[in-house]
Amino acid sequence: MKILSIETSCDETALSIIEASGTVKTPKFKVLANEIASQASLHAQYGGVFPAVAKREHTKACIPILKRVLTEAKMEKPLKKKVSDKKQERKLSKILDREPELLKDLLEYIPLIKKPKIDAIAVTYGPGLEPALWVGVNFAKSLSSAWDIPVIPVNHMEGHILSVLPTDGKNVNTKDFPLPAIALLISGGHTELILIKDWMKYKKIGETRDDAVGEAFDKVARMLGLPYPGGPQISRLAAESRKERVGSEGPHSATDARTEQFSSKKIAYPQNLLFPNILPRPMIHTKDFDFSFSGLKTAVLYLIQKINETPKGLTEEIKKEIAREFEDSVTEVLMKKTMLAIEKYGAKMLIVGGGVSANTHIRESLAKSLGSSAPKLKIYFPDKGLSTDNSLMIAMAGYFTYLKKKKHSISGIKAKGNLSL
Ligand code: KG4
Ligand code: ZN
């Protein structure tokens, strides 16, 4: 079947069209079109996502992106003449009552094209920013009404889990994705450890008690005067710091040392760092699977305040060191808790998803430490482009949801900002 998917939970307006077939255990996905419009640069001035701006931008982007995906999938077939249907227009006006700009674009575009050969529309209905989610949900409902196609409501976090599945048009081999699995979901809004005993059966075993890890990256970046989104910026500075350490004696960073310790080679903690292990590793020794990152963020703030009182102040070199030390702290905590969960539940697979999973140091450290402590464990990260929010993952999760539920009535679909797995 062909699925059109829509993702508007945060600051990306993303639409895709995929061809999906097979069962939940052996699905097959082929990408027909995939488009995304990011608002990140607009939100940079606020240092984070501003919900009203996000809503407005999604509203503007929907039809231009729909046009692009339909063209890309060769599904945009113009009609010989515009077909207007007053009854239909009234229905659409009701659905898009709160998105007048989108309604205008939709009423100009839809009567010009033939109904595309799409079997279902998958849309993120939560979790996320509610005003932003509503745009996607109402857009999906309006297309559903105009073309008489069912809507599949999708949980964004399930999308992040399934973002690791291949989209190359070949059947997924069940053996490559053995269960039980642990999913480490690390994004701007979430930090969760999920136990997956069976596909589509998720149990949250741990989560952050305060800030999400991506949020901590963004806030620390802001303290260092770096633009939003802060994750990639911190990661870049931290990598520079590590690179400059190559050639110096001993492990190049605290995490390198920890990674070695995890792989049971006892080595000395590096002495050659500007701030050797100065930041806390919150909750690293607790036996549960919860996290906390707000204390770490505050520790960075105090450190910066102290440095600002010194004659040199916050130099570029010190910024790099702080970025690296912060990234090390986060990485160590994530590594430790994930490993604990894998051991406790005898997981055969680890899936790491969400925007922060784009982080190279976190990827490499997890792969290295788990590769030696659990050599049989299968570890999956999404392609870097699918780590952050995208609609391909929503299309895949939509297919899974469709297989489970088959039919949905659009009237019951509502955006849910706090939706949980
Ligand atoms: O999954 P996502 O795109 O949106 C949410 O569902 O929240 O995640 C966005 C988060 C942001 O906080 C961003 O700073 C972070 O992912 N991020 C990164 C990196 N790339 C994106 N964090 C650390 N390192 C990165 N390379
Ligand atoms: Zn996300």
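Residues numbered from 1 in each chain as written. Chains lettered and ligands numbered in written order. Predicted model: local features only at pLDDT ≥ 70, side-chain atom pairs only at ≥ 80, totals over all residues. Heavy atoms only, no water.

Draft legend 1. Inspection of unusual backbone geometry at higher detail. For the bond running from Gly 126 to Pro 127, omega is -10 degrees, close enough to zero to count as cis. Note that Pro 127 resides in the loop between strand E4 (120-126) and helix H5 (130-147). Cis geometry marks the peptide bond from Tyr 228 to Pro 229; its omega dihedral reads -5 degrees. Locating Pro 229 in the fold gives a position in the loop between helix H7 (213-223) and helix H8 (230-245). In the Ramachandran plot, Met 200 falls in the positive-phi region, its phi being about 75 degrees despite a non-glycine side chain. Residue placement: Met 200 occurs in the loop between strand E8 (191-198) and strand E9 (201-207). Judged by its relative accessible area of 14%, Met 200 falls in the buried class. For Met 283, which is not a glycine, the phi torsion comes out positive at approximately 65 degrees. Here Met 283 shows up in the loop between helix H9 (254-262) and helix H10 (294-308). (Helix = DSSP H or I, 4+ residues; strand = E, 2+ residues; numbered from the N terminus. Buried < 20%, exposed > 50% of the residue type's maximum accessible area, 1.4 Å probe, protein only.)

Draft legend 2. Expanded view of the nonpolar core. Membership of the largest hydrophobic core comes to 47 residues, with the highest contact counts inside it found for Ile 182, Leu 184, Ile 234, Phe 326 and Val 330. Elements with a minimum of two residues in this core: strand E7 (181-186), E8, H7, H8, H10, helix H11 (316-345), strand E10 (349-353) and helix H12 (360-373). In this view, Leu 184 contacts Glu 192, Leu 193, Phe 291, Leu 334, Thr 338, Leu 350, Ile 351, Val 352, Gly 353 and Leu 366; residues no more than four positions away in its chain are not counted. (Core = buried A, V, L, I, M, F, W, Y, C linked by side-chain atoms within 4.5 Å. Contact = heavy atoms within 4.5 Å.)

Draft legend 3. Layout of the sheet that holds strand E1 (residues 2-7). Here we have six strands laid out as an open sheet, ordered E5-E4-E1-E2-E3-E6, and mixed in their pairing. Of all the strands in the sheet, the pair left with one neighbour each is strand E5 (151-155) and strand E6 (168-171). Adjacent strand axes in the sheet meet at a mean angle of 25 degrees, parallel and antiparallel pairs treated alike. Bridging between E1 and strand E2 (residues 12-22) involves six bridges; their strand directions are antiparallel. In the strand pairing of E2, Ile 3 is matched with Ile 18. Sitting on the sheet, helix H2 (residues 51-72) is in contact with E1, E2 and strand E3 (27-38), with an inclination near 40 degrees to E2. In the packing of helix H14 (residues 392-405) onto the sheet, contacts are made with E1, E2, E3, E4 and E5, and the angle to E2 comes to roughly 45 degrees. (Pairing = 2+ DSSP bridges. Axes fitted to C-alpha atoms, helices over the stretch in contact; angles between N-to-C directions.)

Draft legend 4. A look at a positive patch on the surface. Side chains of Lys 77, Lys 80, Lys 114 and Lys 117 sit close together on the surface and give a patch of like positive charge. Structurally, Lys 117 is set in the loop between helix H4 (100-109) and E4. Judged by its relative accessible area of 72%, Lys 117 falls in the exposed class. (Patch = residues over 30% accessible without salt bridge, like charges linked within 9 Å, V, L, I, M, F, W, Y side chains within 5 Å. Areas by Shrake-Rupley, 256 points an atom, 1.4 Å probe, with all protein chains shown as cover. Salt bridge = Lys/Arg side-chain N within 4 Å of Asp/Glu carboxyl O. Lys, Arg positive; Asp, Glu negative; His and termini not counted. Charge placed at Lys NZ, Arg CZ, Asp CG, Glu CD.)

Draft legend 5. Up close: the site of ligand 1. Around ligand 1, 19 residues are found, and the nearest of them are Gly 188, Asp 218, Gly 231, Gly 355 and Asp 389. Between ligand 1 and Asn 359 there is a distance of 3.1 Å, counted from a nitrogen atom to a side-chain nitrogen or oxygen. A total of 560 Å² of accessible area belongs to ligand 1 in isolation, and the protein chains cover 89% of it. Because more than half of its atoms lie within 2 Å of the grid, ligand 1 is assigned to the largest pocket. (Near = heavy atom within 4 Å. Polar contact = N/O pair within 3.5 Å; in protein donor to acceptor, adjacent residues only side chain to side chain. 1 Å grid on protein atoms, 1.4 Å probe; cavity = no way out; pocket = protein on both sides within 12 Å on 5 of 7 lines; lining within 4 Å. Sits in = over half its atoms within 2 Å of the grid points.)

Draft legend 6. Geometry of the coordination of the zinc ion (ligand 2). Those donors, His 156 (NE2), His 160 (NE2) and Asp 389 (OD), are the protein atoms that reach the zinc ion (ligand 2), and they lie 2.0 to 2.2 Å from it. Motif for the zinc ion (ligand 2), donor spacing along one chain: H-x3-H-x228-D. Of this pair, His 160 sits in helix H6 (residues 156-162) while Asp 389 sits in the loop between helix H13 (384-387) and H14, and the two are 229 residues apart along the sequence. Taken as a pair, His 160 and Asp 389 share a single burial class, namely buried. (Donors = N, O, S within 2.8 Å, 3.2 Å for Na, K, Ca; no water.)

Draft legend 7. Structural context of the environment of Lys 404. Note on placement: Lys 404 falls in helix H14. Distance in space between the C-alpha atoms of Lys 404 and Met 200 is 8.7 Å, their sequence separation being 204 residues.

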